[in-house]
Amino acid sequence: MAPGASSGAAAGVYIGLMSGTSLDGISAAAARFADAPAGGVAAELLAFAHVAYDAEKRDRMLAAMAGASPREYCRLAVDFGGWLAEAAELVMRSASLAPSEVRAIASHGQTLWHEPGHSTWQIGEPAVIAERTGVPVIANFRARDVAAGGQGAPLVPIADALLFSAPDAWRALQNLGGIGNVTIVPPGGATGGLRAFDTGPGVAVVDAVTRRLAPELPYDTDGALASRGRVIEAAVEWALADPYFAAPPPKSTGRELFGGEYAERFIARCRTSAPDASTEDCVVSAVALTARAIGDAFRRFVVEPVRELVLSGGGARNPALVRAIVDAMPGVTVRRFDELFFDGEAKEAVAFALMGFLHVAGRPGNVPEATGARGLRILGQWVPA
């Protein structure tokens, strides 16, 4: 099936692959898409799998983001393509899908560097995925939006509008991956008035603080550390003074700002502000930073009548973070994505599967109001099986 077909001819099963800034692993979703009778897109989740990174893989990713040799970048791109292929094959087996039954694999890859206004870099060699699975691959989705003057992010808003809107009310969908991003969705799946932007850190700072102060833990499981800590207000206020939070949308960010070095500075500020600060205090303060950044973003930039905030991503499984967001959002009902749809961990993988469908249908995948691009663009690059 060549790209550029009509929506009807593009209908079928797509696999979406996502590895986000939280660096917890690869999410893979198999979903069936078709045009909906009343307009928009109808979607059915067939299977979902999450393949966690072991410590060695996560460390390779983190090291590459800090700076690696050309040899390591070359090898990691191919190795990571193999890991993505394995995740795709796993979800195909889960859904009992033969390669011939899958129209395409849509792979986000792993962002190593994201510099809004200039460039964005995702690795995960699509030729390796196509060769190993026998399925065409669509990859490098962000680059075309950046070339058109956009931020290259967030890209999930098109799925938020077409698949996850409320029928008769405005809804906000907040993803809590490594970076937090929100989509403000008009009623009924309309894209006019749709907006989205990155609110700041999701779990990137929380996870980095946890790993530095409790190195035996990959992250704060079930918010156990945060639930025993006390917020160091001075450190949170210092963090929220970063110019990023006051900058108006469209905007996007990444680990380039809210990564390991930022976490080190945040820990230092916690201990300067409270010399007796415990590990738990530092972790819950990082939680407060994420939650209050979301609350501040709504007060500054959201003028739509939003009364419901839907949480997805790994951070939605952290009870301490969810409680902090509830406290930061008075007057707004906070719900988890799982309560309304399916496993929230699958949401972004399904979103990229949808972008694969849109690419094949010859339909735009970006939302210029969210990314700042000069106009609508078909996203992704096609690699035949």
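Caption draft 1: Structural view of the overall build of the chain. When you go through the chain residue by residue, the secondary structure sums to 15 helices and 13 strands. Relative to the compact-globule value of 21 Å for 385 residues, the chain shows a C-alpha radius of gyration of 20 Å, a close match. With respect to the principal axes defined by its C-alpha atoms, the chain has extents near 60 × 50 × 35 Å. Looking at the 385 residues of the chain, the share that counts as buried comes to 58%. Pairs at least 24 residues apart make up 70% of the contacts formed inside the chain by residues separated by at least 6 positions. Of the roughly 14,600 Å² that the chain leaves accessible, carbon and sulfur atoms contribute 52%. Averaged over its 34 positive side-chain charges, the chain has a centre that lies 3 Å from the centre of its 41 negative ones.

Caption draft 2: Broad picture of the sheet that holds strand β4 (residues 102-107). The six strands are arranged β3-β2-β1-β4-β7-β13 in an open sheet whose pairing can be described as mixed. In this open sheet, the two strands that pair with only one neighbour each are β3 (41-52) and β13 (381-383). Here the strands of the sheet are splayed against their neighbours by 20 degrees on average, with no regard to which way each runs. Pairing between β4 and strand β7 (residues 137-139): three bridges, direction parallel. Bridge pairing links A106 to I138 in β7.

Caption draft 3: Examining the packing of helix α10 (residues 260-273) against helix α11 (residues 279-301) more closely. Direction vectors running N to C along α10 and α11 enclose 115 degrees, while the axes themselves pass 10 Å from each other. Like other packed secondary-structure pairs, α10 and α11 cross with a definite hand, here right-handed. Residues Y262, F266 and C270 of α10 lie in contact with α11, whose contacting residues are C282, S285, A286 and L289.

Caption draft 4: Representation of helix α6 (residues 157-164) in the model. Across the eight residues that make up α6, a large majority, eight, are buried. Turning to α6, its buried residues number three or more, namely P157, I158, A159, D160, A161, L162, L163 and F164.

Caption draft 5: Layout of the sheet that holds strand β8 (residues 171-176). Taken in spatial order, the five strands line up as β10-β9-β8-β11-β12 in an open sheet, and their pairing is mixed. Looking along the sheet, the strands with just one partner apiece sit at the ends: β10 (195-201) and β12 (333-336). Strand after strand, the sheet turns through a mean of 25 degrees between neighbouring axes, direction not considered. With four bridges joining them, β8 and strand β11 (residues 308-312) adopt parallel strand pairing. Among the inter-strand pairings, L173 is bridged to a residue of β11, identified as V310. Contacting β8, β11 and β12, helix α12 (residues 319-328) crosses the sheet at an angle of about 160 degrees to β11.

Caption draft 6: Structural view of the pattern of salt bridges. Under the definition given, this model contains 19 salt bridges. Here R230 and D281 are joined by a salt bridge, their closest N and O atoms 3.7 Å apart. With R230 in the loop between α7 (204-213) and α8 (233-240) and D281 in helix α11, this pair connects stretches of sequence that are 51 residues apart. Since its relative accessible area comes to 41%, R230 is described here as partly exposed.

Caption draft 7: Structural detail: the nonpolar core. Among the nonpolar cores identified, the biggest contains 57 residues, and V209, F298, L309 and I325 are the most heavily contacted of them. Looking at this core, the element that brings in the most residues is α11, giving 13 residues. Leave out the neighbours within four places in its chain, and I325 touches L176, A291, I294, L309, L311 and V334. In terms of nonpolar packing, the next biggest core, distinct from the first, is built from 40 residues, A104, I158, L163 and V350 among them.

Caption draft 8: Here's a closer look at helix α4 (residues 126-133). Turning to α4, its buried residues number three or more, namely P126, V128, I129, A130 and T133. Structurally, α4 contributes buried residues whose contacts are with α3 (70-94), β4, β7 and β13. For α4, the capping residue at the N-terminal end is E125, with a side-chain oxygen 3.1 Å from the backbone nitrogen of A127.

Caption draft 9: Layout of the packing of aromatic side chains. Evaluated as defined, the whole model comprises 18 aromatic pairs. With centroids separated by 6.1 Å and ring planes inclined at 80 degrees, the aromatic side chains of Y244 and F245 adopt a geometry described as edge-to-face. Assigned by exposure class, Y244 and F245 land together as buried. Through a chain of ring-to-ring contacts, three or more aromatic side chains come together here, namely W238, Y244, F245, F258 and Y262. When the ring centre of W83 is taken as reference, the NZ or CZ atom of K57 above it lies at 4.7 Å.

Calculation notes
Residues numbered from 1 in each chain as written. Predicted model: local features only at pLDDT ≥ 70, side-chain atom pairs only at ≥ 80, totals over all residues. Heavy atoms only, no water. Helix = DSSP H or I, 4+ residues; strand = E, 2+ residues; numbered from the N terminus. Rg over C-alpha atoms; globule rule 2.2 N^0.38 Å. Buried < 20%, exposed > 50% of the residue type's maximum accessible area, 1.4 Å probe, protein only. Contact = heavy atoms within 4.5 Å. Areas by Shrake-Rupley, 256 points an atom, 1.4 Å probe, with all protein chains shown as cover. Lys, Arg positive; Asp, Glu negative; His and termini not counted. Charge placed at Lys NZ, Arg CZ, Asp CG, Glu CD. Pairing = 2+ DSSP bridges. Axes fitted to C-alpha atoms, helices over the stretch in contact; angles between N-to-C directions. Left-handed = near helix turned anticlockwise from the far one by under 90°. Salt bridge = Lys/Arg side-chain N within 4 Å of Asp/Glu carboxyl O. Core = buried A, V, L, I, M, F, W, Y, C linked by side-chain atoms within 4.5 Å. Polar contact = N/O pair within 3.5 Å; in protein donor to acceptor, adjacent residues only side chain to side chain. Phe/Tyr/Trp six-rings, centres within 6.5 Å; stacked < 30°, edge-to-face > 60°. Lys NZ or Arg CZ within 6 Å of the ring centre and 35° of its normal.

In short, shape yes, function no, at least from these values alone.
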